[in-house]
Amino acid sequence: MRWRVTSADGHVVRGSYWFSVGFAATPPPAAELLGTGAPRLSFLEIAARWFGLLALLCLAGAALFRVTVLDPASLTAPPFERAALLCVMGVFLVAHCLSAAAQAEAVAELPVPQALTAPVLGEVLLSSRFAVLWWLRLLFGVTLGALLYRQSRPKLAALTGLLLLITISLGSHAVGARAAPALAVAVDTLHLAAAALWLGTLLELCLLLPTLTLAREPRFAILRVLVPRVSAVLLPTVLILLATGIFNAWEQVATFQALFGTAHGQSLLLKLALLVPLLVIAAINLLFVRPRIAAAATGKVPRLFLANVRAEATLAALLLLPVAVLAALPPSAQQAFPEPLEIARQAGDLRVAFRVEPVWVGVSRFQVNLFDEQGAAPADVRQVVLTFTMEGMNMGRTNVTMTPRGDGLYEAEGFYIGMPGIAQIGVAINRDGADGQTAVFRVEVPDLNPQQFAGLGALLGIDGVLSGATGERVRTDSASLAHGRELYEEHCVTCHGETGTGNGPAAPSLLPPPADLTLHARWHSGEQLDWFIANGVQGTAMVAFGDELDAAQRWDVISHLHALASAPTATALRPAPVAGSQLAAAPPPGKAASPAPGEAASLTGRLVFGPDFDNNLWLLQLPDGKPKLLTQLGPKEFSSNPAWSPDGRQIAFSYYRLPESSKFPVPDGTDLYLMNADGNSVRPLLLHDASGAALQYPAWAADGSAVYVNYTAPAGAARRIDRVAVPSGERTSVVPNASFPALSPDGRWLAYVQYALPSERGESLWLSAPDGSRPREVLGPAVFPKYFGLRFSPDSRRLIFAAVGQPQGTRRSSIEPLRWLFDHVFSIPHAYADGDLWDLWIVDLDGSNLEPLTALSEDLPVAAWSPEGKHIAFLGGGSASSAEAGITVIDPDRKGLRRLTTQPGHRGLDWTSPSPTTPPDRAAR
């Protein structure tokens, strides 16, 4: 919900409030949700306030000068003062009109030419609090000008001037004071009266002194009377000005942090910086010039006094410029400064103390302190990983490995919270000698961001050109777009592709796959995109470009990303999923339950998996084994997609190596490898045949004689499933335009995902004989937008797979009645910010009994059946609904959810029997 109101002091105040009902699949754009953003500074408003203050204070000050300093019987105004008065009145009227235009611009949030139209202007000038004060100010200003022009009734003119100043205070920050607004308005009026008397006196002296100092001795005698009288009035005036200014600063700024860290506070500092030389000149006049004039000194002394008065008047006029900026900004005391947050949770035998500083939408520092039961730092912690999600909103999930600092302290810093609301931050603790622990912290993130506290320099554009609703430095001029495209083609095309959809030449080999930037540019703020480009993304192939690209270059790239996001080649928005059916049928998202007594012992077999925290494959021996390293790869070698052979003696996996020296660390291609179950005898089975080609997602034939593999041609031009004979490596193409092969244990079926022709859209699930013959469709292209990670049940009767969204047009009776309603009434376009919402589904081979297994919204999960078919394990990049990650085991009836490890993983998982076996067909031979 975005809200926008005109406050009592005339400012248009914006904000947003975040809430959700159920699980919202589509996040609102950050530009719409971050309603507050940076304070908006209108140069039209500043000009109106500056010239208006100059004119109003001069008018009111001239009236006060006449009743406090000037003696009409002995001192008269010079003949040309009326000309000066007319000039001041002209400035007042122009500034007054500009203030109405600036208010209309702020209320309408449109440029001035469009804002100055009915009903906007009529609302501003006829039906608002601003209108009442605007008309009163005009009335008192014109009346005061007429009284001054006629040079009569000075007391009435002074009273009118005070009423004019009261109308200013009633539209100032004082009316919205934190406490005692009436007192704040009175103090502010007194502050304005003191400033008006000072400025008005300086103006009158600038008009009077030339006629006095250039005259003969009798005129100089008048000067000796005037100067002491001016000093007697201005000395207490300055003291009142300082005292009321201190009160206003306390009321409107409140803290030194706000004074130095906000644009409003820095404007006050700039005002004080200009006040110092003003007071110095006043002190020179008081302590040096005044005594000499009183002593009847002649010569240069009167001229020095006139020069000082003119300099003082000039500085006073300049001082009103930061005052105008100060008045145009929201008070610092009313801006909630971001504060750190500290929470503690118990996770097994560990106490987890979590700290975020500051809590806002921006770069924050995250700290985790771990304590064992004795209060000491545990010595067996291998790694701590944070998983960031938004509660009830799909902003994807981000995994960050924390840096150990010693004594149980771990730290991470980055722009990982991308929107206000309730952030869920999961802490996964990986240990050597014990089970991993997890703790999830709910953090309420206010609608605050660094732009609000970037200071006056950033607000005025000194630190960069700021524009747009959220203050983003995104430019759309041709030079910026052309430069951004050049930089993108040089640094980004290899992974993300020419269209930005993540289909670059190196994309097939990378896990997780490159992001679809046409979606990221729509949902992430420019500041967060800038941080990702500068610092990279942990756990992915996205490296940091902070040293390669400066800030201006990164923003040019972001400009090009916005152009890609609006191009016809951008990823199309998909229909919203059927709401509710998955959550109703699957276990509710939340913390994985600990196994009950005896449950852990029921888990048997060996799990091989690829976590995100390193590039090796790991082995988990059940029921009570701990993960141990299976491969010994170098820092530039990467393994993924492990698959057990039917007898459990070998593992097929994908492998790639980064080049030793390259500007961008991307692989030349991905190969198919084999190794023994203990990690020894690592050997290639099939090497990629062209730069950019990838051999992935291996699946064994039931008799172990061959490995089926997904082949992706360079640049993703073609995809197919090949059969690779073991051990000869002879290769045969089986199914074109398909991926994710799975072989049934009984040897009868090959399952795969078929991609539609270019003229169609969508993916579908198919079965065929192992040689590709007799193909038939299980789930059509309209059922799910995406599929991933197919696996047969041990009895060869069912398939488990990962999919995005909710099923449409299936043969499951409980879903079919909802199809028409959600297709025609509730289906709305949406996209995903950082990864799709994947969940696991089970279906019979004829396409019936389609059932959801999870409702955790994992990132690219892959599932594996236990050898006896009683359990299913899955591993993904983390749950978007619970912020937890790791290997999780669940029963096919959606019960018994429990977690075995705590680390996210995108590189695959498979489950086999506890020890190697001899397949029946081999025993017979």
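How each quantity is defined
- Residues numbered from 1 in each chain as written.
- Predicted model: local features only at pLDDT ≥ 70, side-chain atom pairs only at ≥ 80, totals over all residues.
- Heavy atoms only, no water.
- Helix = DSSP H or I, 4+ residues; strand = E, 2+ residues; numbered from the N terminus.
- Buried < 20%, exposed > 50% of the residue type's maximum accessible area, 1.4 Å probe, protein only.
- Contact = heavy atoms within 4.5 Å.
- Pairing = 2+ DSSP bridges.
- Axes fitted to C-alpha atoms, helices over the stretch in contact; angles between N-to-C directions.
- Salt bridge = Lys/Arg side-chain N within 4 Å of Asp/Glu carboxyl O.
- Parallel < 35°, antiparallel > 145°, perpendicular 65-115°, else oblique.
- Left-handed = near helix turned anticlockwise from the far one by under 90°.
- Nonpolar A, V, L, I, M, F, W, Y, C, P; charged D, E, K, R; others polar.
- Disulfide = S-S within 2.5 Å.
- Core = buried A, V, L, I, M, F, W, Y, C linked by side-chain atoms within 4.5 Å.
- Polar contact = N/O pair within 3.5 Å; in protein donor to acceptor, adjacent residues only side chain to side chain.
- Patch = residues over 30% accessible without salt bridge, like charges linked within 9 Å, V, L, I, M, F, W, Y side chains within 5 Å.
- Areas by Shrake-Rupley, 256 points an atom, 1.4 Å probe, with all protein chains shown as cover.
- Phe/Tyr/Trp six-rings, centres within 6.5 Å; stacked < 30°, edge-to-face > 60°.
- Lys NZ or Arg CZ within 6 Å of the ring centre and 35° of its normal.
- Expected span 1.5 Å × (residues − 1).
- pLDDT = per-residue confidence, 0-100.

1. As for the overall build of the protein
Secondary structure assignment for the protein yields 21 helices and 37 strands. Counting every position in the protein, which comprises 925 residues, the buried fraction comes to 54%. Of the contacts made within the protein by residues no fewer than 6 positions apart, 61% connect residues no fewer than 24 positions apart.

2. Some points on the sheet that holds strand S23 (residues 731-736)
Across the sheet, four strands lie side by side as S20-S21-S22-S23; this open sheet has antiparallel pairing. The open sheet terminates on both sides in strands that have one partner only, identified here as strand S20 (694-700) and S23. If you compare each strand with its neighbour and ignore which way they point, the axes differ by 30° on average. As defined by bridge partners, strand S22 (residues 719-725) adjoins S23 across five bridges and the pair is classed as antiparallel. Each residue of the ladder has a partner; that of Ile721, found in S23, is Val735.

3. Description of the pattern of salt bridges
Under the criterion given, the structure shown has 24 salt bridges. Of the charged contacts, one joins Glu391 and Arg442 as a salt bridge, the two residues approaching to 2.6 Å between their closest N and O atoms. Of this pair, Glu391 sits in the loop between strand S6 (381-390) and strand S7 (393-401) while Arg442 is found in strand S11 (residues 437-445), placing the two residues 51 residues apart along the sequence. Taking relative accessible area as the criterion, Glu391 reaches 24% and is therefore assigned partly exposed. Among the residues examined, Arg442 registers a relative accessible area of 46% and is labelled partly exposed. Where Arg798 meets Asp844, a salt bridge forms, and the shortest distance between an N and an O atom there is 2.7 Å. Residue Arg798 is located in strand S29 (residues 798-804), and its partner Asp844 is located in strand S31 (residues 838-844); the two are separated by 46 residues in the primary sequence. Among the residues examined, Asp844 registers a relative accessible area of 18% and is labelled buried. If you follow the salt bridges from partner to partner, you end up with Arg365, Arg405, Glu411 and Glu413 in one network.

4. Things to note about the packing of helix H6 (residues 129-150) against helix H7 (residues 154-169)
With their axes 9 Å apart at the nearest point, H6 and H7 run at an angle of 155° to one another. In terms of their interaxial angle, H6 and H7 are classed as roughly antiparallel. The two elements H6 and H7 cross, and the hand of that crossing is left-handed. Facing Leu133, Leu136, Arg137, Phe140, Gly141, Thr143, Leu144 and Leu147 of H6, the residues of H7 in contact are Leu156, Ala157, Thr160, Gly161, Leu163, Leu164, Thr167 and Ile168. Its residues assigned to classes, the contact of H6 with H7 comprises ten nonpolar, five polar and one charged.

5. Some details on the state of the cysteines
Counted by the stated rule, this structure contains zero disulfides. The cysteine Cys58 is free of any disulfide, with Cys206 supplying the nearest cysteine sulfur at 9.6 Å. The buried category is assigned to Cys58, whose relative accessible area is 11%.

6. Digging into the nonpolar core
Membership of the largest hydrophobic core comes to 58 residues, with the highest contact counts inside it found for Leu59, Leu165 and Trp198. Apart from the residues within four sequence positions on either side, Leu59 is in contact with Leu85, Val88, Met89, Phe92, Gly141, Leu144 and Leu148. Counting residues in hydrophobic clusters, the runner-up holds 54 residues, among them Trp618, Leu622, Val753 and Ala802.

7. Some details on the side chain of Gln437
Positionally, Gln437 belongs in strand S11. At a separation of 2.8 Å, a polar atom in the side chain of Gln437 contacts the side chain of Arg431.

8. Re a nonpolar patch on the surface
Together, Leu156, Leu159, Leu162, Leu163 and Ile166 give the surface a local cluster of nonpolar side chains, amounting to about 360 Å² of exposed area. With respect to the helices, strands and loops of the structure, Ile166 is situated in helix H7. Exposure remark for Ile166: the relative accessible area of 32% places this residue in the partly exposed category.

9. Focus on unusual backbone geometry
Residues apart from glycine generally show negative phi values, whereas peptide bonds are mostly found in trans. Backbone torsion omega between Glu357 and Pro358 reads -10°, so that peptide bond is classified as cis. Secondary-structure assignment places Pro358 in the loop between strand S4 (350-357) and strand S5 (364-371). Residue Leu622 is joined to Pro623 through a cis peptide bond whose omega torsion reads 15°. Mapped onto the fold, Pro623 is located in the loop between strand S14 (618-622) and strand S15 (628-629).

10. Notes on the pairing of strand S1 (residues 2-6)
Across five bridges, S1 lies against strand S2 (residues 12-16) in antiparallel orientation. From the neighbouring strand, Val5 faces S2, where its bridge partner is Val13. Where S1 hands over to S2, the hairpin turn is made up of five residues, of which Gly10 adopts a positive phi near 90°.

11. Focus: the environment of Pro302
Tracing the sequence through the fold places Pro302 in helix H12 (residues 301-328). Since its relative accessible area comes to 4%, Pro302 is described here as buried. Measuring from C-alpha to C-alpha, the distance between Pro302 and Leu209 comes to 8.5 Å, with 93 residues separating the pair along the chain.

12. A closer look at the sheet that holds S29
In spatial order, the strands read S28-S29-S31-S32; together these four strands make up an open sheet with antiparallel pairing. Two strands bound the open sheet, and with one partner strand each, they are strand S28 (787-792) and strand S32 (851-852). Sheet topology places S28 next to S29; four bridges connect them, and they run antiparallel. Residue Phe792 lies in a different strand from S29, and its bridge partner there is Leu799.

13. Things to note about the packing of aromatic side chains
Enumeration according to the criterion identifies 23 aromatic pairs in this entry. Note on Tyr655 and Tyr673: the rings are 4.8 Å apart at their centroids and 50° apart in plane angle, and the pair reads as tilted. Of this pair, Tyr655 sits in strand S17 (residues 650-657) while Tyr673 sits in strand S18 (residues 671-676), and the two are 18 residues apart along the sequence. Classification of Tyr655 as buried rests on a relative accessible area of 11%. Every member of this aromatic cluster is reached through a ring pair, and the members are Phe354, Phe366, Phe388, Tyr416, Phe441, Trp531 and Phe532. Here Arg178 stacks its cationic end above the ring of Trp250, 4.9 Å away from the centre of that ring. Looking at Arg606, its charged tip hangs above the ring of Trp644, at a distance of 4.6 Å from the centre.

14. A few points about the pairing of strand S34 (residues 872-875)
Side-chain alternation along S34 places Ile872 and Phe874 on one buried face and Ala873 and Leu875 on a second face that is also buried. When strand S33 (residues 862-865) meets S34, the two strands line up antiparallel, connected through four bridges. In the sheet register, Val862 faces S34, and the bridge partner there is Leu875. In textbook terms, the turn of a hairpin is the stretch between consecutive antiparallel strands, and for S33 and S34 this stretch comprises six residues, one of which, Gly869, has a positive phi near 80°. Pairing geometry for S34 and strand S35 (residues 888-890), over three bridges, is antiparallel. For Ala873, the partnering residue across the bridge sits in S35 and is Val889.

15. Topic: helix H18 (residues 551-565)
Between its first and last C-alpha, H18 extends 21 Å over 15 residues, near the 21 Å set by a 1.5 Å rise per residue. Turning to H18, its buried residues are Arg554, Trp555, Asp556, Val557, Ile558, Ser559, His560, Leu561, Leu564 and Ala565. The secondary structure elements touched by the buried residues of H18 are helix H14 (478-491), helix H16 (517-523) and helix H17 (526-535). Its side-chain oxygen placed 3.2 Å from the backbone nitrogen of Ala552, Asp550 serves as the N-cap of H18.

16. Some remarks on the environment of Gly421
Take Gly421: it is sitting in strand S10 (residues 421-431). Assessed through its relative accessible area of 7%, Gly421 is described here as buried. Remark: the alpha-carbon pair of Gly421 and Trp360, spanning 61 residues in sequence, is separated by 9.9 Å.

17. Comments concerning the packing of helix H2 (residues 43-68) against helix H3 (residues 81-108)
Where H2 meets H3, the closest approach of the two axes is 7 Å, and the angle between their N-to-C directions is 140°. Seen along the crossing, H2 lies across H3 with a hand that is left-handed. Contact residues: Leu44, Glu45, Ala48, Phe51, Gly52, Ala55, Leu56, Cys58, Leu59 and Arg66 in H2; Glu81, Leu85, Val88, Met89, Val91, Phe92, Ala95, Leu98, Ser99, Ala101, Ala102 and Glu105 in H3. Residues that form the contact of H2 with H3 fall into these classes: 16 nonpolar, two polar and four charged.

18. Observations regarding the confidence of the model for the protein
When pLDDT is averaged along the protein, the result is 82, and 83% of the positions lie at 70 or above. By mean pLDDT, helix H19 (residues 581-585) is the weakest element of the protein at 33, and S18 is the strongest at 97. The low-confidence segment residues 213-217, where pLDDT is below 50, has five contacts with residues more than four positions distant or belonging to other chains.

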